[in-house]
Amino acid sequence: MSEPVTEPEARRLNVFLVDDHAMFRAGVRAELGVHVDVVGEASTVSEAISRIAAVQPDVVLLDVHMPDGGGRAVLESVRRSHPQVKFLALSVSDAAEDVIGLIRAGARGYVTKTISPDELAAAVRRVADGDAVFSPRLAGFVLDAFASRPDVPVADPELDQLTNREREVLRLLARGYAYKEIAKELFISIKTVETHVSNVLRKLQMSNRYELSRWAADRRLV
Amino acid sequence: MYRPRDHRIVAGVAAGLARHLGVPVLAVRITLVVLLGFNALGLLLYAAYWAVLPQEARNQEVPARRDLGALMPFAAIGMGVILLQAQLFEDQGATTAGWMIAVIAVGAGVIWHQSDPSRRDAQSENLASTPWFTAMVSETDRRSFVFRFIGGGILVAVGIIGVVAVYSPTDSFSAVFNGVIFAFVGLLGVGVVVAPLVWRTFGQLRAEREGRIREQERAELAAMIHDQVLHTLALIQRNSTDIKEVQRLARGQERSLRNWLYKPTASPTERFAAALEQAAAEVEDTYAITVETVVVGDTQCDERVAALVAAGREALVNAARHAGVQTVSLYAEVEEDELSVFVRDRGAGFDLSGVADTRHGVRGSIIGRMQRHGGRAEIRSAPGDGTEVRLMLPVSRESVTAGKESVR
């Protein structure tokens, strides 16, 4: 995920920033402005919901913790009316409940605010292309959440388990491998790696509530 | 003077008296039983002492089991004395009244005697106006509280009714029955009057405790921010020209804040994940790099696991010193039959066959250490392509738990 996008871009992406810290928005705008068009900003949940609906950006960079409800409220509201808008969570928190919570709500990726500008631009590009952005830490959380518990009855085993291949891909991601290196290591194409990662994200978003609520309860998150 | 917790048959009154007076406990017991015959004086005395004497502080020893069988001889002696008294004196009325008063006294004693004095003191500050009530609600063992309250209440009621019955001029059974009903109605009335007060006081106590907990948390947070965040920010301002130092300070502060906010603290000597995270933190601080740590699952630490952590730490140190990069990945996974640790950097890399035998960092601290503890280490490196150290440690099934929830 750390490869900067170098090929000429057919169209500059429209990106919208949601964050309650003006300083941070200014910083991101300055850093990202080179790669994409920042078409709007919002500092509150209600402002974000109305402005995003008006601007219809390609990607929304979404803060998790905001005073009046947080990124999850924005995500759930906008997704209902504008399902084509993609969300990339950008938070200072790397707590498991924030990460998993936003991904479950439909974010296509999750990066922390310590990410470098190049990596952030690459992540935005990847999300816009319909891929998932997986940091090593997110991969670790997912592996933790889907840790095999043979005693737990599963409603939909097809959906609720990671395949061995997906697990391997996640492990390599967590070990700090780039997609290219994973593809080389597993003798598959980069496209296949991307497919696996997208499938994992889909499973994470759609897997049955029982399992994940149990996961959350185990960690005293609910 | 107090009632001991051990060496007691009923409530420890006789034992306490005996210890205080320096006489054998048996003599005290027999005296009490003999006094039973004189208008139940023994029972009265017992109840009075029971209500008044504090209980001995709880010590760690398991108290001796009460042997109710030991009561039998005293019961027999008491019966004998009572029978003798009944033979000698014809004045049955006075004797019965004495017994009834004794029953009242015991009932009152049962209600009052045992609410822990220390606990009563702690609570009575909040409720100075109703100390009697505080004494009751401070009971933590609710079942024993209810049992004692009901039992004591019945004893008191029976005693009062008995006295009334004995002295009642009509001397008829129906009058006694009416008395019982009135007593019951009276108790019910008291209940109706007291219930809202009880409820309100419980609510107040709960609210106050929650408030205190919140206050404490706020104070803790303020202290932490003052001790760490503000000091770090001051240091950063003073060292603003030294970028490495600023990064190191900021990184250390970020980690400690994160741990404080999101992570339950676990002892690095006990848990695998905590030990790894500590090792990573030390390397971060020493070499001013970022270690991206991901640990899936957790397990108990033992000597072999500690060796694995030490080998992982050595791999991190090598990466920090030789790779020439800012970020190193540390990934560890706890599986059913194996613990694995991966340390990867994207730095300079090296040719493994070119490492001199005299260099102990890799051969001794990593490969050798893993082999000594029944594990294995692989090192993959190529010049220009970074390095990955893979450490594997097989473990038995029992010593491993599946997830992090076992920490708690």
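Model, not experiment: these values are computed from the prediction.

### Digging into a nonpolar patch on the surface
Residues and elements named next belong to chain B. A surface patch of nonpolar side chains, amounting to about 600 Å² of accessible area, comprises Leu26, Ile30, Val34, Phe38, Leu41, Leu45, Tyr49 and Ile77. Mapped by element, the contributors of at least two residues to the nonpolar patch are helix 2 (25-35) and helix 3 (41-52). Considering the arrangement of structural elements, one finds Ile77 in helix 4 (residues 71-88). Overall, Ile77 belongs to the partly exposed group, its relative accessible area being 32%.

### Things to note about the pattern of salt bridges
In this structure the tally under the stated criterion is 24 salt bridges over all chains. A salt bridge links B:Arg390 to A:Glu185; the shortest N-O distance between them is 3.5 Å. On the criterion of chain membership, the pair formed by B:Arg390 in strand 5 (residues 387-394) and A:Glu185 in helix 9 (residues 179-186) is interchain, its members lying in two chains. Residues joined by salt bridges that share partners form a network here, namely A:Arg175, A:Glu185, B:Glu378, B:Arg380, B:Glu388 and B:Arg390.

### Points about unusual backbone geometry
Residue and element names in this part refer to chain A. The backbone phi angle of Gln56 is positive, close to 50°, even though this residue is not glycine. If you trace the backbone, Gln56 turns up in the loop between helix 2 (45-55) and strand 3 (59-62). With a phi close to 55°, Phe187 is a non-glycine residue in the positive phi region. Turning to its location among the elements, Phe187 is positioned in the loop between helix 9 and helix 10 (190-206). Assessed through its relative accessible area of 76%, Phe187 is described here as exposed.

### A short note on the sheet that holds strand 3 (residues 338-345) of chain B
The five strands lie next to each other as 1-2-3-5-4 (chain B), forming an open sheet whose pairing is mixed. Both outer strands of the open sheet, strand 1 (290-296) and strand 4 (376-381) of chain B, are each paired with one neighbouring strand and no more. Neighbour-to-neighbour, the strand axes of this sheet turn through a mean angle of 10°, independent of strand direction. Examined bridge by bridge, strand 1 of chain B and strand 2 (residues 327-334) of chain B share seven bridges and lie parallel to one another. Its bridge partner being in strand 2 of chain B, B:Glu292 is matched across the sheet by B:Ser329. Along the sheet face, helix 6 (residues 136-145) of chain A touches strand 1 and strand 2 of chain B and points at about 10° away from the line of strand 1 of chain B.

### What to know about helix 2 of chain B
The complete set of buried residues in helix 2 of chain B reads B:Val28, B:Arg29, B:Leu32 and B:Val33. Burial along helix 2 of chain B is one-sided: seen end-on, the buried residues are contained in an arc of 130°.

### Overview of the packing of aromatic side chains
In this structure the tally under the stated criterion is one aromatic pair over all chains. Centroid distance B:Tyr331 to B:Phe342: 6.1 Å. Interplanar angle 25°. Geometry classified as stacked. Taken as a pair, B:Tyr331 in strand 2 and B:Phe342 in strand 3 lie far apart in primary sequence, eleven residues in all. Neither B:Tyr331 nor B:Phe342 differs from the other in exposure class; each is buried. Seen from the ring of A:Tyr179, A:Arg126 lies directly overhead, with NZ or CZ sitting 4.3 Å from the centre.

### Let's talk about the sheet that holds strand 5 (residues 109-112) of chain A
Residue and element names in this part refer to chain A. Ordered in space as 2-1-3-4-5, the five strands form an open sheet in which the pairing is parallel. Looking at which strands have only one partner, the edges of the open sheet turn out to be strand 2 (37-42) and strand 5. Here the average twist between neighbouring strands, direction ignored, is 25°. Pairing analysis gives four bridges linking strand 3 to strand 4 (residues 86-91), with the strands arranged parallel. Opposite Leu62, over in strand 4, you have Ala89 as the bridge partner. Its contacts with the sheet place helix 3 (residues 71-81) against strand 3 and strand 4, and it is angled at close to 175° to strand 4. Here helix 5 (residues 117-128) sits on the sheet and contacts strand 1 (14-18), strand 3, strand 4 and strand 5; the angle it forms with strand 4, its principal contact strand, is near 155°.

### A few points about the nonpolar core
Side chains that are nonpolar tend, in soluble globular proteins, to be buried together. Grouped together as the largest cluster of nonpolar side chains are 54 residues, with contacts concentrated most on A:Ile52, A:Val74, A:Phe87, A:Phe134, A:Val142, A:Leu170 and A:Leu173. The contact partners of A:Leu170, leaving out residues within four places of it in the chain, are A:Phe134, A:Ala139, A:Val142, A:Leu143, A:Leu162 and A:Val200. The next biggest cluster of nonpolar side chains, apart from the first, holds 38 residues, and it includes B:Ala273, B:Ala323, B:Ala332 and B:Val334.

### A short note on the interface of chain A and chain B
You'll often see interface size given as the accessible area lost when the parts meet. Contacts between the two partners involve 22 residues from chain A and, on the opposite side, 23 residues from chain B. Taking both sides of the interface into account, the surface hidden between chain A and chain B amounts to around 2,200 Å²; carbon and sulfur atoms contribute 42%. When residues of chain A are sorted by the area they lose upon contact with chain B, A:Asp144, A:Arg171 and A:Arg175 head the list and together hold 25% of the total. The tally of links between chain A and chain B comes to seven salt bridges. Of the charged contacts, one joins A:Arg171 and B:Glu333 as a salt bridge, the two residues approaching to 2.3 Å between their closest N and O atoms. Our count for the chain A to chain B interface comes out at ten residue pairs in polar contact (both at pLDDT 80 or more). Elements with a contribution of two residues or more to the side of chain A that touches chain B: helix 6, helix 8 (164-174) and helix 9 of chain A. Looking at the side of chain A that touches chain B, the element that brings in the most residues is helix 6 of chain A, giving five residues. Considering only residue class, the side of chain A that touches chain B consists of seven nonpolar, four polar and eleven charged.

### Some points on the packing of helix 11 (residues 272-287) of chain B against helix 12 (residues 303-323) of chain B
Residue and element names in this part refer to chain B. Relative orientation of the contacting elements helix 11 and helix 12 amounts to 25°, with a least axis distance of 10 Å. Overall, the two elements helix 11 and helix 12 adopt an arrangement that is roughly parallel. Here helix 11 runs over helix 12; the crossing is right-handed. Touching Phe272, Ala275, Leu276, Ala279, Ala280, Glu282, Val283 and Tyr287 of helix 11 are Val305, Leu308, Val309, Arg313, Leu316, Val317, Ala320 and Arg321, all from helix 12. In terms of residue class, the contact of helix 11 with helix 12 is made up of 13 nonpolar, no polar and three charged.

### With respect to helix 4 (residues 96-105) of chain A
Residues and elements named next belong to chain A. Of all ten residues in helix 4, eight are buried; the element is thus mostly enclosed. Restricting attention to buried positions, one finds in helix 4 the residues Ala96, Asp98, Val99, Ile100, Gly101, Leu102, Ile103 and Ala105. Within two residues after helix 4, Gly106 carries a phi angle of roughly 125°, on the positive side.

### As for the UniProt feature "modified residue: 4-aspartylphosphate" (unreviewed entry) in chain A
Residue and element names in this part refer to chain A. Following the UniProt record, one finds the feature "modified residue: 4-aspartylphosphate" (unreviewed entry) at Asp63. Mapping Asp63 onto the fold places it in the loop between strand 3 and helix 3. Take Asp63: its relative accessible area is 3%, and that puts it in the buried class.

Rules behind the numbers
Residues numbered from 1 in each chain as written. Chains lettered and ligands numbered in written order. Predicted model: local features only at pLDDT ≥ 70, side-chain atom pairs only at ≥ 80, totals over all residues. Heavy atoms only, no water. Patch = residues over 30% accessible without salt bridge, like charges linked within 9 Å, V, L, I, M, F, W, Y side chains within 5 Å. Areas by Shrake-Rupley, 256 points an atom, 1.4 Å probe, with all protein chains shown as cover. Salt bridge = Lys/Arg side-chain N within 4 Å of Asp/Glu carboxyl O. Helix = DSSP H or I, 4+ residues; strand = E, 2+ residues; numbered from the N terminus. Buried < 20%, exposed > 50% of the residue type's maximum accessible area, 1.4 Å probe, protein only. Pairing = 2+ DSSP bridges. Axes fitted to C-alpha atoms, helices over the stretch in contact; angles between N-to-C directions. Contact = heavy atoms within 4.5 Å. Arc of directions from axis to C-beta. Phe/Tyr/Trp six-rings, centres within 6.5 Å; stacked < 30°, edge-to-face > 60°. Lys NZ or Arg CZ within 6 Å of the ring centre and 35° of its normal. Core = buried A, V, L, I, M, F, W, Y, C linked by side-chain atoms within 4.5 Å. Buried area = accessible area lost by both parts, 1.4 Å probe. Polar contact = N/O pair within 3.5 Å; in protein donor to acceptor, adjacent residues only side chain to side chain. Nonpolar A, V, L, I, M, F, W, Y, C, P; charged D, E, K, R; others polar. Parallel < 35°, antiparallel > 145°, perpendicular 65-115°, else oblique. Left-handed = near helix turned anticlockwise from the far one by under 90°. UniProt positions renumbered as here; feature names shortened; annotations may be inferred.

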